[in-house]
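Structural characterization, general
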Amino acid sequence: METGFTSAEKFFSRISGHEARSGDFVWGEPDMAYMHDVLGPLTLDTMKKINEDNVRFRGRVVVVNDHIYPPKDTTSSNNIRYMSDFARKEGWDLVPFGEGIEHTLLIEKGMIKEGMVVVGTDSHTVTAGAARAMGIGLGSTDMAALLSLGKTWFRVPETTLLNVTGNRKKYVTGKDLILKVMSILGTNGANYRSMEFNIARECNLNTDDDLSIANMTVEAGAKTSIIFNRSKTTDFRNLQSDEDSAVTEIKIDISEIDPLIAFPYSPGNIAKASDYAGTHVDQVYIGNCSNGTISDLREAAEMMDGRKVKDGVKAIIVPATRNIYREAIKEGLIDTFIDAGATVSPPTCGACAGLHMGVLAKGEVCITNINRNFRGRMGDPESKVYISNSYVAAASAINGKITVPGA
Amino acid sequence: MSRVFILGDDVDTDAIAPGGYLHLPLEEQKKHCLESVVKDFAGSVKDGDIIVAGENFGSGSSREQAPLLLKDLGIKAVFAKSFSRLFYRNAINVGLFPGTIKGACDFRNMEEVHFQMEANRIISQNSELDIAPPQGIALEILEAAGMIDYARKLITRD
Ligand code: SF4
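Residues numbered from 1 in each chain as written. Chains lettered and ligands numbered in written order. Predicted model: local features only at pLDDT ≥ 70, side-chain atom pairs only at ≥ 80, totals over all residues. Heavy atoms only, no water.

Re the environment of Ala340 of chain A
Residue and element names in this part refer to chain A. Filter applied, for reference: In this description a helix means any DSSP run of H or I spanning at least four residues, a strand means any run of E spanning at least two, and both kinds are numbered starting from the N terminus. Contacts are assigned to residue pairs with any non-hydrogen atoms lying within 4.5 Å of each other.
Residue position: Ala340 is located in helix 11 (residues 333-340). Between the C-alpha atoms of Ala340 and Gly91, which are 249 residues apart in sequence, the distance is 45 Å. Once residues lying within four places of it in the same chain are set aside, the contact partners of Ala340 are Met304, Arg307, Lys308 and Val309.

Quick look at the confidence of the model for chain B
Put simply, the test is: The predictor's confidence in any single residue is recorded as pLDDT, a number from 0 to 100.
Scored by pLDDT, chain B comes out at a mean of 94, with 99% of its residues at no less than 70. Strand 3 (residues 77-80) of chain B holds the highest mean pLDDT among the elements of chain B, 98, whereas helix 7 (residues 147-157) of chain B holds the lowest, 89.

A closer look at the interface of chain B and chain A
Formally: In this description, buried area is defined as the sum, over both parts, of the accessible area (probe of 1.4 Å) that is lost when the two are combined. Throughout this description, the term salt bridge denotes a Lys or Arg side-chain nitrogen within 4 Å of a carboxyl oxygen of Asp or Glu. For this analysis, a polar contact is any N or O atom pair within 3.5 Å, provided that within protein one partner can donate a hydrogen and the other can accept it, and provided that sequence-adjacent residues contribute only side-chain to side-chain pairs.
Each partner contributes residues to the interface: chain B has 40 residues there, and chain A has 45 residues. Of all residues in chain B, His23, Arg85 and Arg89 of chain B bury the most surface against chain A, accounting for 22% of the area lost on that side. If you look at where chain B meets chain A, you find two salt bridges. Asp14 of chain B is the partner of Arg377 of chain A in a salt bridge, and the nearest nitrogen-oxygen pair spans 3.1 Å. The interface formed by chain B and chain A holds 20 residue pairs in polar contact (both at pLDDT 80 or more) in total.

Side note on unusual backbone geometry
What is expected of a backbone is that most residues other than glycine have negative phi and most peptide bonds are trans. All names here are of chain A. Along the chain, Tyr69 connects to Pro70 via a cis peptide bond; the corresponding omega equals -10°. Its location among the elements puts Pro70 in the loop between strand 3 (60-64) and helix 3 (74-90). Going from Pro264 to Tyr265, the amide bond is cis rather than trans, its omega being -5°. Relative to the helices and strands, Tyr265 is located in the loop between strand 12 (260-262) and strand 13 (270-272).

Observations regarding the site of the ligand
We apply this condition: Residue proximity to a molecule or strand is established when one non-hydrogen atom of the residue lies within 4 Å of it. In this classification, the charged set is Asp, Glu, Lys and Arg, the nonpolar set is Ala, Val, Leu, Ile, Met, Phe, Trp, Tyr, Cys and Pro, and all remaining amino acids, among them Gly, are polar.
Taken together, the neighbourhood of the ligand is formed by His67, His103, Asp122, His124, Asn288, Cys289, Cys349, Cys352, Ala353, Asn371 and Arg377 of chain A. In terms of residue class, the shell around the ligand is built from four nonpolar, five polar and two charged.

A closer look at the pattern of salt bridges
This is how the line gets drawn: For every residue, the accessible area (1.4 Å probe, protein chains only) is compared with the maximum for its type, and the residue is labelled buried under 20%, exposed over 50%, or partly exposed between those bounds.
Enumeration over the complete set of coordinates arrives at 27 salt bridges over all chains. Note that Glu302 of chain A and Lys170 of chain A form a salt bridge whose closest N and O atoms lie 3.0 Å from each other. Taken together, the positions of Glu302 of chain A in helix 9 (residues 294-304) and Lys170 of chain A in the loop between strand 8 (159-165) and helix 6 (174-185) put the pair 132 residues apart, joining distant regions of the chain. Note that Lys30 of chain B is salt-bridged to Glu27 of chain B, the shortest N-O span being 3.0 Å. On the criterion of helical spacing, the pair formed by Lys30 of chain B and Glu27 of chain B is a turn pair, its members being three residues apart in helix 2 (residues 26-30). Taking relative accessible area as the criterion, Glu27 of chain B reaches 55% and is therefore assigned exposed. Put simply, Glu9, Glu19 and Arg21 of chain A are held in one network by salt bridges that share partners.

Written out as structure tokens, the structure is:
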């Protein structure tokens, strides 16, 4: 009989004020709640139905207008107004316009901190795991009820512990690690569970890799995630699962992984990227909350430096935050993209969810470093999306077909 | 009696509530519900119909529009071998019954069936299917017709 606590049990014990064990239903108050311009308006509408003008939630509430920013039409513009006016009235944190995509931004700004439990009206709230916080996505009504009641209910998730060791090959990134995990767990292998990663220092993965790993755990169904990356010297024992806790363990040797790809129409359809080499592409999209980081932009620039995007290919690059954008300008990466003939967009969710700024036409094929390739995800239901790391996506832009560098 | 729409595995939230229409009013979004999976779903679905699907129904986004559109279009209950966590929770919150199927489904697409809620069973002329209903707090919320009424009750009780 295990007596130690899993990481999730520690986090949920704290916010519920009781000893919480996997499978228990508990009520608790998260430390922070955030919402955005597409799924936020329904939250506010619902709040009014529950309890007009009475917010009992005492944690921090943050509004980020990132999904359709800059607004593309009057409806999206009205949504942003609605969210912003409401936030100002309630005294919530309204993140300045154009600062970036919430999941990446709130970590960058230090608003999501180690040890916190945060909830968001967005499934990729799990990205908080990269900051060693537990992020949990909620629907709009759940969020409205939390804000009105000051608490919400959770089922304490069981834990899948992924122990990662080995030296990664050149052109293999955190994206390939999480795609490898998808190949093991499929699209629901972690359903309702917490995915905890223990990444050895020798893997040589950085905090941007952590972000892309945590972000896609929801694609395996995870409720939350937490990443312990040994490249940092901190002692995480107070947050990690205890040795004698009840976890399901999976071991992964990253040295055995080659660049991978998720082919249409599921992030669980995993193959070696080289299996799809030569596939014609119409668009390349580098950005989003999982892989719009400075590391991704550096990797893409390495592939595009001194080269030209293939005629007829739309190459769209979206830094996830304004600071990443600024850093990319300083490092000359933006010049590299412009010289190569790519389009650089301001930080936004953009075409990642088929919203704006690069929506795919019927029959078009896109390779991208985003997190989902469901049918119709980036536009027309007859379009096709392949997911890869940024090296592969950028190299494919140059050749107009799926290309694996170094292969 | 209900007509049953039979769907496969991994019906995701982009299929149920496509992202490109999410910023528009629900009336507009409804027209595109499941359009990439069932031809003219919005036009053919009738009040009281049910869905029986495979594994991982509602995977992907936290968008509550997914269960909301189904419910608004008249879908009475959704049954699946398994649900994604967010869809399951959202369905309960908006008062759409999610039942987990136990055993193999022999229904034909669009066949007339009867959902016997008290018996946790769906029956057709030739076959039947046992289901597991939500439990605990989830069931209490569902019995209150959704989270809005449940939360209102909690507030007045305090
Ligand atoms: S970038 Fe894409 S996946 Fe991330 S929050 Fe925006 S729409 Fe969702």
